[in-house]
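Overview (structure and organization)
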Amino acid sequence: KDRLSQRAFATRRPGLAHQCRGRELDEKENALASALMAIYATGEHDFDAVAQQLKQKGIVAPRSGRTDWTEALLAEELEATNRELDAAYEADGYGA
């Protein structure tokens, strides 16, 4: 868990842990998020190198369903997912 989520639970306000989400992440989004966190934890931050690692790990892109990750696909997937999450937040408010 990230520090903000931990602090939200520590203050007995668990609803704040995911206040920026209008919905829960789906299975593919969670898999991508976990893979990205693991990759970034190694110190890698170059999008092309990150994309290559996602490709090697066989991570399925949440929006397109592709596994042939490139820097462009990574950017497209992140932008599309952010648009969907923003729309859900607009429709449902915070704390999904």
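What counts and how
- Residues numbered from 1 in each chain as written.
- Predicted model: local features only at pLDDT ≥ 70, side-chain atom pairs only at ≥ 80, totals over all residues.
- Heavy atoms only, no water.
- Core = buried A, V, L, I, M, F, W, Y, C linked by side-chain atoms within 4.5 Å.
- Buried < 20%, exposed > 50% of the residue type's maximum accessible area, 1.4 Å probe, protein only.
- Helix = DSSP H or I, 4+ residues; strand = E, 2+ residues; numbered from the N terminus.
- Contact = heavy atoms within 4.5 Å.

Of all hydrophobic cores here, the largest spans 12 residues; its members are Leu32, Ala35, Leu36, Ile39, Val50, Ala51, Leu54, Ile59, Ala61, Trp69, Leu73 and Leu74. Elements that contribute at least two residues to this core include exactly helix H2 (27–41), helix H3 (47–57) and helix H4 (71–92). The element contributing the most residues to this core is H2, with 4 residues. The residues touching isoleucine 39, leaving out its near neighbours within four places in the chain, are Glu44, Val50, Gln53, Leu54 and Lys57.

This brings us to the environment of threonine 67. Following the sequence through the fold, threonine 67 ends up in the loop between H3 and H4. When the C-alpha atoms of threonine 67 and lysine 57 are compared, they prove to be 9.0 Å apart, with 10 residues separating the residues in sequence. For threonine 67, the contacting residues outside a window of four places in its chain are Lys55, Gly58, Ile59 and Val60.

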